[in-house]
Structures are given as structure tokens and as C-alpha cells.
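Per-entry structural report
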Amino acid sequence: MKAWSLSALKAVTTLVVCGNLNFVFLSLQESPEPERSSIYRSLVVNTSKEMMCFSDFPMPDDYPNFMHNSQLLQYFRLYAEHFHLLQHIHFQTTVRSVTQRPDFSGSGQWDVVTINKNNQEEKHIFDAVLVCSGHYTHPALPLSDFHGHETFFGRLLHSWEYKDADSFKGKRVVVVGIGNSGGDVAVEISRSAEKTFLSVREGVWVISRMAHNGLPLDMTLISRFNSLLLKLLPKTFINWSSERALNQKYDHRLYGLKPRHRLLDRKPLINDDLPGRILHGALVMKPKIRGFKDSGVIFEDGTVEENIDAVIFCTGYKGVFPFLPSALSEGPQEELTLYKRVFPPSLQHPTLAIMGLFQTKGPIMPTVEMQVRWAVKVFSGFARLPSKQKMLEAIEVERRLNIHSYPNPQQAVLQVNFIQYLDFMANEIGVKPNLLRLFLTDPVLWVKVFFGPCTPYQYRLTGPGQWAGARQAILTQWERVAKPFKTRVVQEPEAQRSLLRSPWLMACAATTVMALLLSNKIVPLAQHASQVLDRCSRFLWD
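Below: a short report on this structure. Everything quoted here is computed from the prediction, not taken from an experiment.

Rules and cut-offs
Residues numbered from 1 in each chain as written. Predicted model: local features only at pLDDT ≥ 70, side-chain atom pairs only at ≥ 80, totals over all residues. Heavy atoms only, no water. Pairing = 2+ DSSP bridges. Helix = DSSP H or I, 4+ residues; strand = E, 2+ residues; numbered from the N terminus. Polar contact = N/O pair within 3.5 Å; in protein donor to acceptor, adjacent residues only side chain to side chain. Contact = heavy atoms within 4.5 Å. Salt bridge = Lys/Arg side-chain N within 4 Å of Asp/Glu carboxyl O. Buried < 20%, exposed > 50% of the residue type's maximum accessible area, 1.4 Å probe, protein only. Axes fitted to C-alpha atoms, helices over the stretch in contact; angles between N-to-C directions. Core = buried A, V, L, I, M, F, W, Y, C linked by side-chain atoms within 4.5 Å. Parallel < 35°, antiparallel > 145°, perpendicular 65-115°, else oblique. Nonpolar A, V, L, I, M, F, W, Y, C, P; charged D, E, K, R; others polar. Phe/Tyr/Trp six-rings, centres within 6.5 Å; stacked < 30°, edge-to-face > 60°. Lys NZ or Arg CZ within 6 Å of the ring centre and 35° of its normal.

To continue, consider the pairing of strand E13 (residues 289-293). Of the pairings in the sheet, the one linking E13 to strand E14 (residues 296-299) comprises four bridges and is antiparallel in character. If you follow Ile-289 over to E14, its bridge partner there is Phe-299. Where E13 folds back onto E14 in an antiparallel hairpin, the turn is made up of two residues, including Asp-294, whose phi is positive at roughly 55°.

Take a look at the structure:
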């Protein structure tokens, strides 16, 4: 394991509880280094605190709903201290290789070679291995796709290298790619650069972190009830109504953002500021780059932007794990083939699991946490996997289901449905909420679980790892959402007499009604209606 990561922390906790922990290797670095994840200083999370917290450890109620990365790191530290995990962690340790032991067919054990902080090599034997380094460690920089990049006068870099906008002040910058990183980087640079261009191959649907009344969007959208509606209602209707609502905020076609795909087909871009920067003229949308010429950038529509000082590629990462056996990379592009995005089917013994190698329209942290809980159950023999053939068939079925939205096969296999995926793993380990039982025994909680946000606490209500505080955490989750807003007391306005309660208005209304009843047109009608009702009552009585 090669990063200070949420999956590593959850793995430590789960393994400690099971009594199976020997070591967890973590490497902490302030500056980006090869084969390590890197973030920019201004990074703010895209999922709210109640949706992304560990299932048995709510975030402090005064934390903002969408926090800066430094606060998330503090939360990880609080978690590690609360569960006494630090004694089990070897910091500043790099994993050089993970290989099957010569007797793997019988033992299922692994040889792990590490380099400690003194640059000394150490060898270990483990019964099982969780890989928690993530897949944002090897940048994909497609320079070979663009002619003229060798002679380009400006700077070419990947967003993995980007830390802040200081070095781009007063510059002319092109940002390539419109994933969440591309949106964030383009917006931040546009505040200080002379001009910023955002080059996109396809458009994207842009959504804000905020829903109605300023509430966290994921808290209002990601629920079991909404998941059921997505299955019952026509997908075309949901796409139409949702896209219409987004376009009422800002017309995606007018802003140069409209994609070819429908909203539900792919992940949207979460960004609160990008449309505003376009409106201000600080950010200019451009099509895909065709090539470079001296200091200019040539785009597919034939336009050229001259005197470009830098091009930042926000073009994703390669999901490679060089410390793992190459035989595990069985995919067409030498990517890992994984059953339910966790287990390599080719292993004779399921004693190695990959955490976090997936994409979903929901928070990553509770999903990875559930992966860890499932993997440990499999390692311990309390949960079993299907045969190799059935696992490969399941992988192919999931790839075919996603290939329409994600034509790239490598992207297609990464996609998982948030609630369905969580429920599958929860069912495997016996912690899936029983909605019928909740409805019969605790209807108040059932309403919160079914209609409310699908927060991680739901998977601590019952079964292995049950947490006594889960029910209360669910019932009070909206209180923790509101807490960070309450930094200023707002006096309620004095109750003003409503016009509807005005005696003069009531008198006028009564006079009007009486006048209508006494009119020649209304009285006969009322009398006829009275006769009909009287006949009906006598018929029912008989």
C-alpha cells in the first residue's frame, strides 16, 4: 500500500477488529513524487460530509458540508486516533513488490518487499494483501497524439503536477479535458491568468454542489426512493426533465458545454463556478486540440490561439500497479481484470483484493469501505466467491451493460451503480438493511432509510460490525448538515397579520359568497344539488 488513503485506514480498522492485522505500509510526501497521488492546494471535496464519512464515525458537526482537503486529512487523523490505528501503520514505507509465494497453491500467501524510511529493503510474508494505493498515481499524458508538441515554445504538463495558479498569473493558458480536475483547474487559473481556454473533446453536463434551498445535492438525490424511481420511470423522461432543469440555469448549448450524451449516461461535471467564469469571459470554451505550432495551439475547428504560455492536460490516469505480478493484468490494454471491481478471478486463492479501482455516481469513501469489509470476509473464509468462469461471465455482462454509455471498454468495466453495488457487497457480508423489517418494527427509521439520503450509517444497523450509534446518526444527519451554517443568529421577523386573517377581508369574502348564493342562478343549482345528495343518502341508508 502506497498512500495515506481512506481505504488503507478502513483496512487497518477492519483487520484490527478481525484480529488479522500485521502491518499496513503508508508513504507520506508533501510534494508530488512518481507513482504517488497528488492534489492541488485548493481542492474541495465533491461529496458532502454525511455521504462520504466512515459508517461508524460521523464527521464533526461543525465541519462544512463540502470541506477543503486539509479538513478531510484532519478527519482521517481523528479516525486513526479514535480507533488506535497508528500503532499498526508503518509510515514512509514503499512497497516494491507483491508476489505469490512458491507454495501459493497450498498456502495462498504473498511475499512483500518494502523499502523503509532508511532506504533499507525488508521482506515480509502475508496471508492476504489489500492494495489501497488507488489509480491516480500514473498520469496519462497523450502528447504523441498531437503533432508539433516537440517544438512548442510553451510549457506542457499534466494536472498531476499542478499545485496552484501562481506560476500562471498573467499568462495565456489552455486546459485540456473537462473532468472534475479540468473544471477546477480551469476555473482557478482563469482568476489570475490573462486568458484561459478550456479544450474539450466532448461537452459535459455541469451541476452544482447545491440543490434547492442550498442543501447538498447528493443528500437530496442519492436515496433508495430515487433509485427506485430511476428503475420505474422512462429514462428518456428523466433525462428530458433533468436536462431542462439544468438548461434553465444556464443553456449548455449557448455556453459551449452541451455534450452528445444524455445526462444519465455518464458522470456529470460537479463545479459551482465554471459557467460564471464563461459568462465573465475569463474562460473560453474550445474544441479538441489538433496540434501545436511554435507558440500557438491549433484546434479541430481550424482556429488558432497564439502566444500560449502553457497547456495543462487533465486527461486522467493509467490504472497500473507495477508492484503487482504482471500476470494479473489480463485485460486487452494490460489492465487488471477484477470481479466486482475487487478480486482478480485468475487467482487460485482469493487472498489479494484491489480497493478503489472503480467509478460511480456517488461518494467514493463508503463504497471503498464496503469493499474492504467484503474483502476481509472473503479473506477470513466467512464469504465465498463464485467459480472463475462465473466471475469472468459477470465481468463481461457488466461491461456490455455499460458499453453504450462508455464506448471505451476500459472505462465501461470501471462503472458501478452506487446503491446497487453497495447493497450487493452488504448482502454478501450480511449488513444490508432489511427494509421490510424496518417498516414493521421501526417505521420512523424506515422513512429515513428509504426516502432520505443513502448515508453510510445504513450499513451499520445490523449484522457483523453493527454500530449501536447508527440509528441515532441517521435520525440526526440533517442536524449535522445545518450545524456549520449556524454561525450567526438570525432574528425571526415579527409575526405580521396575514391579509387572509384580516377581519375586513373575511367580511368582504363572506358578503360575496352570500350574494352569489342569493342570486337567481346559484340558488336553484344549490337546491338541486341538495336534493341529489338527499336521495343518495336515503339510497345508501336503505
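Residue position: Gln-415 is located in strand E19 (residues 415-416). Of note is the side chain of Gln-415, whose polar atom sits 3.5 Å from the side chain of Tyr-406. A distance of 2.8 Å separates a polar atom in the side chain of Gln-415 from the backbone oxygen of Gln-411. Excluding its chain neighbours within four sequence positions, the residues that come into contact with Gln-415 are Gln-359, Asn-402 and Tyr-406.

For the coordinates displayed, the defined rule picks out 20 salt bridges. The partner of Arg-101 in a salt bridge is Asp-111, with the nearest N and O atoms 3.1 Å apart. Pair noted here: Arg-101 is in the loop between strand E3 (94-100) and helix H4 (104-107) and Asp-111 is in strand E4 (residues 110-115), with a separation of 10 residues, a long-range link. Residue Glu-305 pairs with Arg-172 through a salt bridge whose shortest N-O separation is 3.2 Å. Remark: Arg-172 occurs in strand E8 (residues 172-176) and Glu-305 occurs in strand E15 (residues 304-305); sequence separation between them is 133 residues. Residue classification places Arg-172 among the buried residues on the basis of a relative accessible area of 17%. Within this structure, Arg-172, Glu-194, Lys-286 and Glu-305 form a network of salt bridges that share partners.

Another aspect to go through is the sheet that holds strand E5 (residues 121-126). Reading across the sheet, the three strands line up as E3-E4-E5 and stay open at both edges, with antiparallel pairing between neighbours. Of all strands in the sheet, those with a lone pairing partner are E3 and E5, marking the two edges. Pairs of neighbouring strands in the sheet enclose a mean axial angle of 20°, with direction left out of account. Sheet analysis places E3 next to E4, joined by six bridges and oriented antiparallel. Each residue of the ladder has a partner; that of Thr-94, found in E4, is Ile-115.

Take the nonpolar core next. One finds Leu-130, Val-342, Phe-343, Ala-353, Met-355, Met-370 and Trp-374 to be the most contacted residues of the largest nonpolar core, which totals 33 residues. Ignoring anything within four residues of it in the chain, the contact list for Met-370 reads Leu-422, Met-425, Ala-426, Ile-429, Val-431 and Tyr-459.

Glancing now at the side chain of Thr-114. Checked against the element boundaries, Thr-114 lands in strand E4. For Thr-114, a relative accessible area of 0% translates into the label buried. A distance of 3.0 Å separates polar atoms of two side chains, one belonging to Thr-114 and the other to His-124.

Let us now look at the packing of helix H7 (residues 224-232) against helix H15 (residues 443-451). Contact geometry of H7 with H15 gives a least axis separation of 5 Å together with a crossing angle of 50°. Compared by their axis directions, H7 and H15 come out oblique. For the pair formed by H7 and H15, the contact residues are Arg-224, Phe-225 and Leu-228 on the first element and Val-449, Phe-450 and Phe-451 on the second. Its residues assigned to classes, the contact of H7 with H15 comprises five nonpolar, no polar and one charged.

Before going further, it helps to examine the environment of Arg-341. Of note, Arg-341 is situated in the loop between strand E16 (310-313) and strand E17 (352-354). On the basis of relative accessible area, Arg-341 is assigned to the buried category, the value being 4%. Taking the C-alpha atoms as reference points, Arg-341 and Met-355, 14 residues apart in sequence, are found 7.9 Å from one another. For Arg-341, the residues in contact, after removing those within four places along its chain, are Ile-354, Leu-357, Phe-358, Gln-371, Val-413, Leu-414, Val-416 and Tyr-421. Here the side chain of Arg-341 touches Leu-357 through a polar contact of 3.0 Å, landing on its backbone oxygen.

It is worth spelling out the sheet that holds strand E12 (residues 283-286) at this point. Ordered by their spatial adjacency, five strands build an open sheet running E7-E16-E8-E9-E12, and the pairing between neighbours is parallel. Looking at which strands have only one partner, the edges of the open sheet turn out to be strand E7 (155-158) and E12. Between one strand axis and the next, the sheet turns by 20° as a mean value, whatever way the strands run. Across four bridges, the pairing between E7 and E16 is parallel. Within E16, the position partnered with Arg-155 by the bridge is Ala-310. Sheet contacts for helix H5 (residues 180-190): E8, strand E9 (195-199), E12 and E16; angle to E9, the most-contacted strand, approximately 165°.

To continue, consider the packing of aromatic side chains. Under the counting rule described, the total for this entry stands at 29 aromatic pairs. Ring geometry for Phe-225 versus Phe-450: centroids 6.0 Å apart, planes at 70°, classification edge-to-face. One end of the pair, Phe-225, is in helix H7; the other, Phe-450, is in helix H15, with 225 residues separating them in the sequence. With relative accessibility at 29%, the residue Phe-225 sits in the partly exposed group. Residue Phe-450 is classed as buried on the basis of its relative accessible area of 15%. Members of the aromatic cluster, each reached through a chain of ring pairs, are Phe-54, Phe-57, Tyr-75, Phe-76, Tyr-79 and Phe-83. The residue whose ring lies beneath Arg-266 is Tyr-406, and the NZ or CZ to ring-centre distance is 5.9 Å.

Shape descriptors only; they carry no functional weight alone.
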